[in-house]
Amino acid sequence: MRLRVLAALAALSLGALTACGQSGGTAAAGPLRIMAPAAPGGGWDQTSRTAEQAFKAADPQRKVEVYNVPGAGGTIGLAQLAGEKGNGNLLMTMGLVMVGAIEQNKSKVTLAETTPIAKLTEEYELVVVPAASPFTSLADLVAAWKADPAKVSISGGSAGGTDHIVAGLMAKAAGVDPKQVNYIAHSGGGEALNELLGNKVSAGISGVAEFAEHVKSGKLRALGVTSAERVPGLDAPTLKEGGLDVELANWRGFVAPGGLSEADKKTLTDAVTKMHGAQPWKDAVAKNGWIDSFQTGQQFADFLAAEQTRVKAIIAEMGLVS
């Protein structure tokens, strides 16, 4: 009889503990996975792995894993995320690039099938050329562009993404038909960087953090940055200083699968907020020259909706979509 009573008490205790563990939804229960929907070496991968370390610092008991799903400006990863409906243990890093890629690739899956969690950072874009390039200034690049657009190859991220948009806006400002831009798209920043370092392309466009160290080492030459004012610590004029009226900031954030319970949405948002306050994240923001633009909840959802409208109009004007 005593054994049966003890067994019953143990079962009640286990049930109580289980109930406590489930009170926060599935997001409180297991390891957190972060999808970087691009190849290693680019901005989404860098952001994801930085966040991984910050999550671990904020909550050492929780396992966090980053994995890559490259292709089509993140829309392949987006489709996989849509298949994880209701999964409260999954985040996908995304940003302005994906907004354009959805339009460019006519993706059947859109951001409407995700749960907005947080906007994280903004970052300016940098236009560079190989160290051995004959282009020593933006004016040199523009002159060659006007003479023969096809001969000026520009390497960057996915078609319709931020890098591509910057190339199109630069061409338009220079009096070159954006449709004639010889743009070479890649699924990750590492591929574009390798082409530049191998002198296989005329120029490259990417986030400041992805090129800055190579500019400082002398392997790449910076022709311009898309900020309104010069970026501290970076030897690069603004595009406006170089004669092109172009200014644009890339941004990155987190979305989760659609169909989340309110409890799971809150748990994920709280975890990301805690991550954002962790020292490794703060250190990375400062080191990489990122701009902290943290938003959560309805504020981020409204921003995301506005960006979709804005970017669709930009790439339609550039002729990137019909």
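For the structure, see preceding data.
For clarity, every value in this text was computed on a predicted model and none was experimentally measured.

Asker: Please provide a residue-by-residue account of the packing of helix 5 (residues 138–147) against helix 6 (residues 162–174), values included.
Answerer: Relative orientation of the contacting elements helix 5 and helix 6 amounts to 80 degrees, with a least axis distance of 11 Å. With respect to helix 6, the element helix 5 is oriented roughly perpendicular. Contacts from L138, L141, V142, W145 and K146 in helix 5 reach A167, M170, A171 and A174 in helix 6. Within the contact of helix 5 with helix 6, the residues separate by chemical class into eight nonpolar, no polar and one charged.

Asker: Kindly report on the packing of helix 6 against helix 11 (residues 297–317), identifying the contributing residues and their values.
Answerer: The packing of two helices is summarised by the inter-axis angle and the distance between the axes. Close contact between helix 6 and helix 11 brings their axes to 10 Å; oriented N to C, the two are set at 50 degrees. Classed by the angle they form, the pair helix 6 and helix 11 counts as oblique. Both helix 6 and helix 11 take part in a crossing whose hand is left-handed. For the pair helix 6 and helix 11, the contacting residues are I165, L169 and K172 in the first and V311, I314, I315 and E317 in the second. For the contact of helix 6 with helix 11, the residue count by class is five nonpolar, no polar and two charged.

Asker: Can you break down the pairing of strand 3 (residues 90–95) residue by residue, with the values?
Answerer: A large share of strand 3 lies buried, amounting to six of its six residues. Burial of the side chains of strand 3 extends over both faces: L90, M92 and M94 are buried on one face and L91, T93 and G95 on the other. Sheet analysis places strand 1 (residues 32–36) next to strand 3, joined by three bridges and oriented parallel. Its bridge partner lying in strand 3, M35 is registered against M92. By the bridge criterion, four bridges tie strand 3 to strand 9 (residues 249–257) in an arrangement that is antiparallel. Following the sheet pairing, T93 is matched in strand 9 by F254.

Asker: Break down the environment of A150 for me, citing the residues and quoting the values.
Answerer: One can find A150 in the loop between helix 5 and strand 5 (153–156). When the C-alpha atoms of A150 and V181 are compared, they prove to be 6.8 Å apart, with 31 residues separating the residues in sequence.

Asker: Please provide a residue-by-residue account of the side chain of D163, values included.
Answerer: On the secondary structure map, D163 appears in helix 6. R252 provides the closest opposite charge to the buried, salt-bridge-free D163, at an N-O distance of 7.1 Å. In terms of polar contacts, D163 uses its side chain to reach the backbone amide nitrogen of G157, at 2.8 Å. Once you skip the residues sitting within four places of it in the chain, D163 turns out to touch E125, G156, G157, Y183, I205 and S206.

Conventions used here
Residues numbered from 1 in each chain as written. Predicted model: local features only at pLDDT ≥ 70, side-chain atom pairs only at ≥ 80, totals over all residues. Heavy atoms only, no water. Axes fitted to C-alpha atoms, helices over the stretch in contact; angles between N-to-C directions. Helix = DSSP H or I, 4+ residues; strand = E, 2+ residues; numbered from the N terminus. Parallel < 35°, antiparallel > 145°, perpendicular 65-115°, else oblique. Contact = heavy atoms within 4.5 Å. Nonpolar A, V, L, I, M, F, W, Y, C, P; charged D, E, K, R; others polar. Left-handed = near helix turned anticlockwise from the far one by under 90°. Buried < 20%, exposed > 50% of the residue type's maximum accessible area, 1.4 Å probe, protein only. Pairing = 2+ DSSP bridges. Lys, Arg positive; Asp, Glu negative; His and termini not counted. Salt bridge = Lys/Arg side-chain N within 4 Å of Asp/Glu carboxyl O. Polar contact = N/O pair within 3.5 Å; in protein donor to acceptor, adjacent residues only side chain to side chain.

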